[in-house]
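Residue-level structural notes
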Amino acid sequence: MPKNEKIKSILIIGSGPIIIGQACEFDYSGSQALRSLREDGIETILINSNPATIMTDPSMADHVYLLPLNTKSIVKILKEHPQIDAVLPTMGGQTALNLCIEADEKGIWEDFGVDIIGVNIDAINITEDREKFRNLMEEIGVGMAPQETATSYLRGKEIAQEFGFPLCIRASFTLGGAGASIVYNEEEFDEALTRGLEISPIHEVMIDKAMMGWKEYELELLRDSNDNVVIICTIENMDPMGIHTGDSITVAPAMTLSDRTFQKMRDMAIHMMRSIGDFAGGCNVQFAVSPDDEEEIIAIEINPRVSRSSALASKATGYPIAKIAAKLAMGYHLDELENQITKTTSALFEPTLDYVIVKIPRWNFDKFEGSDRTLGLQMKAVGEVMGIGRSFQEALHKATQSLEIKRNGLGADGKGYTNYDQIIDKLTHASWDRVFVIYDAIQLGIPLKRIHEITKIDMWFLKQYEELYHLEKEISNYTIDTLSRDLLLEAKQKGYGDRQIAHMLGCLESEVYNKREELNVRRVYKLVDTCAAEFQAQTPYYYSTFENTMTSPDGETYVENDSPATDRKKIIVLGSGPNRIGQGIEFDYCCVHGVLAASEAGYETIMINCNPETVSTDFDVADKLYFEPVFWEHIYDIIRHEKPEGVIVQLGGQTALKLAEKLDRYGIKIMGTSYQSLDLAEDRGSFSTLLKENNIPYPKFGVAETADEALDLADELDFPLLVRPSYVLGGQGMKIVINKQDLEAHVVDLLRKIPNNKLLLDHYLDGAIEAEADAICDGENVYIIGIMEHIEPCGIHSGDSNATLPPFNLGEFVMQQIKDHTKKIALALNTVGLINIQFAIKDDQVYIIEANPRASRTVPFIAKAYGEPYVNYATKIMLGDKKVTDFEFNPQLEGYAIKQPVFSFNKFPNVNKQLGPEMKSTGESILFIESLKDDEFYELYSRRKMYLSK
C-alpha cells in the first residue's frame with residue numbers, strides 16, 4: 001500500500017536540549033525524518049527547543065517552533081495549524097514520547113483530531129510498564145530474569161528478601177537508565193530503592209535478579225503496516241550485563257554468537273515486536289545470553305521508537321533507519337521503498353556487513369568533581385565515537401584513536417597503567433578507561449582467565465587483545481631499518497597508528513610514515529554499501545584499511561581502492577569528533593552548514609568525522625564522507641589522496657583547530673583565517689601585545705610554567721585570580737583562586753594533568769558583567785552578527801551562562817566600546833570567517849577576556865534567533881567566494897532570545913553543582929521573551945549569583 005493520502009500535514013516532536021542519555025542522535029533521526037516526509041510533499045511542523053541543532057534550521061521544516069516542550073506549546077501550535085493531521089513522536093527520544101503520552105492523557109490529540117503515527121500509545125505503555133511487559137513476555141513464551149514490581153518501600157524490601165543479592169533496580173518511565181543500579185547489599189538497596197521510587201514519574205520500580213556476566217545484544221528492527229519485518233543490525237556489547245548500553249563498548253555485527261542462537265534471537269525479536277502492538281516503524285530489542293554452551297536467551301527490554309542505537313546502526317550499515325521509519329509511519333511498505341545506498345534493491349533487503357564497527361563512549365568525568373566514575377546501569381557518557389575496519393582489532397584501534405583523550409590507540413604509547421592493584425581495581429569496578437586497562441593487564445602478565453573472571457568479557461575479545469600485545473612485542477625486537485614489510489603491513493591492518501609503531505621501534509612517527517611510503521604500505525578506501533558488495537552502491541561513504549597488493553594477469557601489481565579522486569576543485573571540512581562538554585552539537589551544525597555552503601559555491605565537498613550520532617556523518621550531506629578518526633595520520637592520507645584546494649578548520653571546534661598547526665607545517669592550505677592568526681589568539685602573551693598596540697584594555701595577567709612562578713606573579717596581580725591552561729576548550733582546568741594555598745594546589749594539579757602547559761593567571765574582575773560578540777570578517781570588512789549579555793556575572797563559563805540577545809543592561813557608551821573592540825580585533829587578527837570575543841565590563845570600562853577566530857558555541861543560537869544563515873555566509877567568505885559587503889543582512893527578532901544552559905547533574909548525585917569558569921552544561925534551549933518584564937526573565941535574573949563558585 002502506498003502512503004496514506006489522508007495525511008497532508010504532520011507535527012514532529014523533537015528531543016529538546018541535549019542531556020546525558022539523550023544526545024544528538026535524535027537531531028540526526030529527526031532531520032532525516034523531516035527530509036523524508038518533505039520528499040513526499042507532506043507539510044511538516046516541528047517543535048523543538050534546542051537552537052544548536054540542524055533539525056531546528058528554518059530550511060528543515062515548513063514551520064519550526066522553538067518553544068518549550070510542554071502541552072501548552074502543543075496546544076498553541078495546534079490552534080495555529082488546524083490542518084495538522086498526525087503527530088510523529090518517535091524521532092525525539094523519551095522526551096517526545098513522554099510529551100505525546102501526556103498530551104494523549106489530557107485528550108489534546110482527540111480534541112484537535114490528530115492521529116498518532118509511527119507507534120501506538122498502548123505499545124509504549126506495555127514496554128514502559130514493566131509489569132505489563134513481563135506478563136506479555138510470559139504469554140508469548142519469551143523468558144525474562146526473575147522480576148517483580150514495587151510501588152512502595154515495604155514491597156521492595158519483601159522482594160529483596162525473596163530474590164537475594166545482587167539485585168538490579170530500575171525506575172519505570174525514565175531515560176538513559178536514570179534511577180537504575182545494581183546493588184550488592186541491604187544498605188545500597190535501601191538507598192537505590194528510595195531514589196528509584198522518587199525519580200519514576202509513576203513512583204514504580206522494577207526489581208530483577210541481576211544477570212551479572214551474561215552477554216548483552218541489541219537488535220534494530222523495522223516493520224511496515226503489512227507486517228514485513230527486517231532486522232537492520234545486530235549489535236553485541238563487549239561489556240557484559242550490568243553496564244548501560246550507552247556506556248558499553250559495542251560491536252557490529254555480533255561476534256561471539258552461534259548461528260543457532262542468532263536465528264533464535266531473531267525470531268524472538270520479531271515475535272516480541274509483533275506482540276506489543278500493530279504499528280509501523282522502528283524498534284530496538286535488547287537481550288541477555290548466558291555465557292555458557294547452553295546460550296540461554298532472555299529478553300531485557302524493547303523500545304518501540306528510534307533510539308540511540310538506531311543512529312549507530314544507521315551509520316554502521318549505511319541503512320537510514322529514521323528516514324525509512326518515517327515513510328513506514330506514512331503507510332508505505334518496505335518493498336515499495338528503495339535501498340538508499342544501492343538505489344536498485346528494495347528497503348526490504350537486510351544489510352550485510354563485510355567490515356566491523358566498534359563504538360566507544362566518550363565520558364567527561366573531569367567536569368564533575370567527586371563523581372562516581374564506575375560504570376553501571378545508569379548512563380554517564382556524553383558522546384561516542386565509531387571506528388570502521390576490516391577486523392575487530394582495526395576498528396577497535398580506530399575508535400580509540402578517535403576519542404581525543406591524548407591516547408594514540410591501545411598500548412604502545414607509554415601511557416598505560418603498570419601498578420597491579422590499580423589495574424585489578426579498574427577491571428573489577430568497570431572504569432571508563434577499561435578498554436585500555438585490559439591491554440595493560442595483558443602486558444603486565446595477568447592471565448586471560450583471570451581477566452575474564454573479573455570482567456566477564458567474552459574470551460574471544462580478550463584473545464583479540466592478546467594477539468595485539470604479541471604483535472607489539474614482536475615489532476619491538478626490530479628497528480626501523482630491519483622491520484619487514486609483512487610485519488609493518490600486519491601492524492597497520494590491525495589498526496596500529498604510525499605513532500604507536502614509532503614508539504615500539506624507538507624512532508620518529510615521520511620515519512614510520514616514510515618507511516610505509518617506501519614499502520608501498522598505503523591506505524585504501526572501501527565503501528560502506530549495506531550489501532557486502534553484492535550489488536553496486538551509489539553512495540560515497542568510505543572508511544580506510546590496508547590490503548595486500550594483488551597481481552593482475554598481465555603482471556601489474558595493484559591494491560583495490562573504492563574511492564577514486566575526481567578532477568573537481570574540492571574542499572575538506574574537518575568535523576568535531578565526539579560530543580563532550582564544551583564541544584557539543586553546535587559545532588556539528590556549523591560543519592554541516594559549511595559543507596552545504598561550499599557545495600553552493602561549486603566545490604566538491606568532503607567531510608571527515610567519526611561521530612555516529614550526528615548529521616555531518618549522514619551519507620548524503622557531503623559529496624564524500626570519510627568515516628575516519630579526526631586524527632592526523634588519517635586526515636593526512638585523505639588529503640594526499642583527494643588533493644583539495646584547502647581544508648576548513650574553524651567550524652569543528654577545538655578538534656579541528658588543534659590540527660591547524662600540522663596542516664600549516666605540511667603546506668596544506670587552511671581556508672579562511674590562517675594558522676598564524678589562530679595561534680596568535682591562543683597565545684596569551686602575543687595576543688595581549690596586540691591588544692596593547694590597539695589600545696584595548698584587558699585584565700592584568702601573567703604567564704607561569706611552574707608553581708613558583710605562579711606564586712611570584714600572585715604578588716603582582718592581586719587575588720582573586722583566574723587560573724587557566726592554554727589551548728583548551730570549555731574552560732577545562734579553569735579556576736578562580738583566592739589565596740596562595742589554593743593557587744599552589746591548583747597549579748600543581750594542572751601541571752600534573754597537562755605537563756609543559758603555559759598557565760595564564762588573570763586578575764579576576766570581581767562583580768563584572770560578562771558579554772560576548774560574534775562577528776564575520778573578510779579581512780577588510782566586519783559585520784557583528786550578535787552581541788549577547790550574560791545574566792550571570794563574569795566568572796561563570798559562557799557556556800553555562802544565560803546569554804541574552806540583544807543585551808538588556810548595557811548603555812550606549814559600553815555598546816560602542818564592544819563594537820569598536822570587536823572590529824579592531826577581528827581586523828588585527830586578519831580574520832577571514834567567524835570570530836567570537838568575550839568581554840568583562842566593570843565601571844563602564846570594557847575589558848577583553850579572550851578572542852577565538854572560529855565558529856563558537858553561540859553562532860547557531862544567533863542564527864536561529866535572527867533567522868539568518870550566518871555559517872553559510874561565513875563559509876563563502878572563508879572560501880574567498882564572497883565579501884561581507886555581498887550579503888544583505890536582515891536580522892529579525894522581536895523582544896529577546898535567551899540561550900539557556902541545561903545540566904545533567906542528576907546523573908551524579910554527589911557532585912558539587914556550583915558553577916564557575918569551567919563549563920559543565922551538556923546542552924541548551926532557547927527561550928523567546930517579549931520584554932524584560934517577563935516572569936521567566938525575572939526569575940533567571942534573581943538567581944544569577946546563586947551558583948558562582950570560587
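Provided above is the structure to which this section pertains.
Residues numbered from 1 in each chain as written. Predicted model: local features only at pLDDT ≥ 70, side-chain atom pairs only at ≥ 80, totals over all residues. Heavy atoms only, no water.

1. Thoughts on the overall build of the protein
Operational definition: A run of DSSP states H or I qualifies as a helix once it reaches four residues; a run of E qualifies as a strand once it reaches two. Both are numbered from the N-terminal end. Note that the radius of gyration is over C-alpha atoms, with the globule rule given as 2.2 Å times the number of residues to the power 0.38. Residue burial is assigned from relative accessible area. The probe radius is 1.4 Å, only protein chains are included, and a residue is buried under 20% of its type maximum, exposed over 50%, and partly exposed in between. We call two residues contacting when some pair of their heavy atoms lies within 4.5 Å. Reported accessibility uses the Shrake-Rupley method at a 1.4 Å probe radius. Residues are deemed covered only where the shown protein chains occlude them. Positive charges come from Lys and Arg alone, negative charges from Asp and Glu alone, with His and the N- and C-terminal ends not counted. The atoms used to mark charge sites are NZ of Lys, CZ of Arg, CG of Asp and CD of Glu.
Along the protein, the regular secondary structure elements total 31 helices and 35 strands. For 950 residues, the compact-globule formula gives about 30 Å, and the C-alpha radius of gyration of the protein, at 28 Å, lands near that figure. With respect to the three principal axes, the spread of C-alpha positions in the protein is 80 × 75 × 60 Å. With 950 residues in all, the protein has 65% of them scored as buried. In the protein, the share of contacts with a sequence separation of at least 24, taken over all contacts with a separation of at least 6, comes to 70%. A total accessible area of about 34,300 Å² is found for the protein, and carbon and sulfur atoms account for 47% of it. A distance of 3 Å separates the average location of the 94 positive side-chain charges in the protein from that of its 144 negative side-chain charges.

2. A word on the sheet that holds strand 27 (residues 735-737)
For the record, the criterion: Strands pair, by our definition, only if DSSP identifies at least two bridges between them. Only the stretch in contact is used when a helix axis is fitted, and all axes are lines through C-alpha atoms; the angle between N-to-C directions ranges over 0 to 180 degrees.
Taken in spatial order, the four strands make up an open sheet running 25-28-26-27, and their pairing is antiparallel. Two strands close off the open sheet at either side, each with one partner strand: strand 25 (701-704) and strand 27. In this sheet, neighbouring strand axes are inclined to one another by 25° on average, regardless of whether the strands run parallel or antiparallel. The pairing of strand 26 (residues 721-725) with strand 28 (residues 759-763) spans five bridges and is classified as antiparallel. Looking across to strand 28, one finds that Leu721 is bridged to His763. The sheet strands contacting helix 26 (residues 707-717) are strand 25, strand 26 and strand 28, and the helix crosses strand 25 at an angle near 170°. Strands strand 26, strand 27 and strand 28 of the sheet are contacted by helix 27 (residues 740-753), whose axis makes an angle of about 5° with strand 26.

3. Focus on a negative patch on the surface
Let me state the cut-off plainly: Only residues whose relative accessible area exceeds 30% and that form no salt bridge enter a patch; like-charged residues are grouped when within 9 Å of one another, and nonpolar side chains (Val, Leu, Ile, Met, Phe, Trp, Tyr) when within 5 Å. Salt bridges are identified by distance alone: a Lys or Arg side-chain nitrogen within 4 Å of an Asp or Glu carboxyl oxygen.
On the surface, a cluster of negative charge is contributed by Glu705, Asp708, Glu709, Asp712, Glu716 and Glu744. Take the negative patch: its biggest share by element is four residues, from helix 26. Here Glu716 is to be found in helix 26.

4. A look at the layout of surface pockets
Our working definition: Method remark: on a 1 Å grid restricted to protein atoms, a set of points is classed as a cavity if a 1.4 Å probe fits but cannot get out and as a pocket if it is open with protein on both sides within 12 Å along at least five of seven lines; lining residues have an atom within 4 Å of a point. Grid points are joined across faces, edges and corners, and a volume is the space filled by probe spheres set on the points. Charged means Asp, Glu, Lys or Arg here, nonpolar means Ala, Val, Leu, Ile, Met, Phe, Trp, Tyr, Cys or Pro, and polar covers whatever is left, Gly included.
Each pocket or cavity is described by its volume, and for the second largest pocket that value is around 1,100 Å³. Around the second largest pocket, the lining is made up of 39 residues, and of these Ser181, Ile182, Asp372, Thr374 and Gly376 lie nearest the centre. Looking at the lining of the second largest pocket, the elements that each hand over two or more residues are strand 8 (181-183), helix 8 (186-199), helix 13 (420-428) and helix 15 (448-455). Top contributing element to the lining of the second largest pocket by residue count: helix 8, with five residues. Of the residues belonging to the lining of the second largest pocket, the class tally is 17 nonpolar, 14 polar and eight charged.

5. Some details on the sheet that holds strand 24 (residues 646-648)
Within the open sheet, the six strands sit side by side as 17-18-23-22-21-24. Their pairing is mixed. Each of the sheet's edge strands pairs with one partner strand only, and the pair in question is strand 17 (523-527) and strand 24. The mean inter-strand angle of the sheet, taken between neighbouring strand axes irrespective of direction, is 30°. Sheet topology places strand 21 (residues 570-574) next to strand 24; three bridges connect them, and they run parallel. By the bridge assignment for strand 24, Ile571 is matched with Gly646.

6. Examining helix 5 (residues 121-128)
Of all eight residues in helix 5, six are buried, a share of seventy percent or more. Of all the residues in helix 5, the buried ones are Ile121, Ala123, Ile124, Ile126, Thr127 and Glu128. Its buried side turned inward, helix 5 meets helix 3 (93-105), strand 5 (115-116), helix 6 (130-140), helix 9 (259-276) and strand 14 (297-303).

7. What to know about the pairing of strand 13 (residues 281-289)
Of all nine residues making up strand 13, nine are buried, and the element is well covered by its neighbours. One ladder, built from nine bridges, connects strand 10 (residues 215-223) with strand 13; its direction is antiparallel. Looking across to strand 13, one finds that Tyr217 is bridged to Phe287. Relative to strand 14, strand 13 runs antiparallel, the two sharing six bridges.

8. Description of the side chain of Arg523
Here is the rule: Throughout this description, a polar contact denotes any pair of N or O atoms lying within 3.5 Å of each other; where both atoms belong to protein, one of them has to be capable of donating a hydrogen while the other can accept it, and for residues adjacent in sequence the pair is counted only when both atoms sit in side chains.
Its place among the elements puts Arg523 in strand 17. Assessed through its relative accessible area of 12%, Arg523 is described here as buried. Here Ser544 takes part through its side chain, which lies 3.3 Å from a polar atom of the side chain of Arg523. Those residues in contact with Arg523 that lie beyond four places of it in its chain are Lys492, Arg516, Ser544, Thr545, Phe546, Glu628, Glu633, His634 and Asp637.

9. Focus: the environment of Leu489
Secondary-structure assignment places Leu489 in helix 17 (residues 485-493). The class of Leu489 is buried, set by a relative accessible area of 4%. Distance in space between the C-alpha atoms of Leu489 and Glu216 is 34 Å, their sequence separation being 273 residues. Discounting chain neighbours no more than four positions away, the residues touching Leu489 are Val521, Phe546, Glu547 and Asn548.

10. A look at unusual backbone geometry
Each neighbour pair has its own omega, and for Phe165 with Pro166 the value is -5°, a cis peptide bond. Note on placement: Pro166 falls in the loop between helix 7 (153-163) and strand 7 (167-171). A cis amide bond, omega -10°, links Ala252 with the succeeding residue Pro253. The backbone of Asp718 shows a phi angle near 75°, a positive value even though the residue is not glycine. A residue is classified by how much of its surface remains accessible, and Asp718, at 41% relative accessible area, is partly exposed. Even without being glycine, Asn830 reaches a positive phi, approximately 50°.

11. A short note on the pairing of strand 1 (residues 9-13)
Counting buried positions along strand 1 yields five of five residues, so the element is predominantly enclosed. Here strand 1 shows a buried face lined by Ser9, Leu11 and Ile13 and a second buried face lined by Ile10 and Ile12. With five bridges joining them, strand 1 and strand 2 (residues 43-47) adopt parallel strand pairing. Directly across from Ile12, in strand 2, lies its bridge partner Leu46.

12. With respect to the environment of Met273
Counting through the fold element by element, Met273 comes out in helix 9. Between the C-alpha atom of Met273 and that of Val285, which follows or precedes it by twelve residues, the distance is 8.2 Å. Residues in contact with Met273, not counting those within four places in the same chain, are Leu221, Leu222, Arg223, Phe279, Gly281, Gly282, Cys283 and Ile302.

13. Some remarks on the side chain of Asn364
By secondary structure assignment, the location of Asn364 is in the loop between strand 15 (356-362) and strand 16 (383-389). Its relative accessible area of 6% is what places Asn364 among the buried residues. Here the side chain of Asn364 touches Ile581 through a polar contact of 2.6 Å, landing on its backbone nitrogen. The contact partners of Asn364, leaving out residues within four places of it in the chain, are Val382, Arg580 and Ile581.

14. What to know about the packing of aromatic side chains
Put simply, the rule reads: Geometry of aromatic contacts follows a simple scheme: Phe, Tyr and Trp rings, the Trp one being its six-membered ring, pair when their centres are within 6.5 Å, and the pair is stacked under 30 degrees between planes, edge-to-face over 60, tilted otherwise.
Evaluation of the coordinates by the stated rule reveals 27 aromatic pairs. Measuring from ring centre to ring centre gives 5.6 Å for Phe392 and Trp460, while their planes differ by 55°; the resulting arrangement is tilted. One end of the pair, Phe392, is in helix 12 (residues 392-402); the other, Trp460, is in helix 16 (residues 459-475), and 68 residues separate them in sequence. Judged by its relative accessible area of 3%, Phe392 falls in the buried class. Here Trp460 falls in the partly exposed class, since its relative accessible area comes to 30%.

15. A look at the packing of helix 26 against helix 27
Put simply, the rule is: Note: crossing handedness is left-handed where the near helix turns anticlockwise from the far helix by less than a right angle, and right-handed where it turns clockwise.
Running from N to C, helix 26 and helix 27 point in directions that differ by 145°, and their axes come no closer than 9 Å. Crossing of helix 26 over helix 27 shows right-handed handedness. Counted together, Ala707, Ala710, Leu711, Ala714 and Asp715 of helix 26 and Lys740, Leu743, Glu744, Val747, Val748 and Leu751 of helix 27 form the full contact between these two elements. A per-class count over the contact of helix 26 with helix 27 returns eight nonpolar, no polar and three charged.

16. Remarks on helix 26
Where we set the bar: Each C-beta atom gives one direction from the helix axis, and the arc is the one those directions make.
All buried positions along helix 26 are accounted for by Ala707, Ala710, Leu711, Leu713, Ala714 and Leu717. Here the buried residues of helix 26 occupy an arc of 160° about the axis, which is enough to place them on one side. Those residues of helix 26 that are exposed and angled more than 90 degrees off the buried face are Asp708, Asp712, Asp715 and Glu716. Elements that come into contact with the buried residues of helix 26 comprise strand 25, strand 26, helix 27 and strand 28. One or two steps after helix 26, the chain reaches Asp718, where phi turns positive at roughly 75°.

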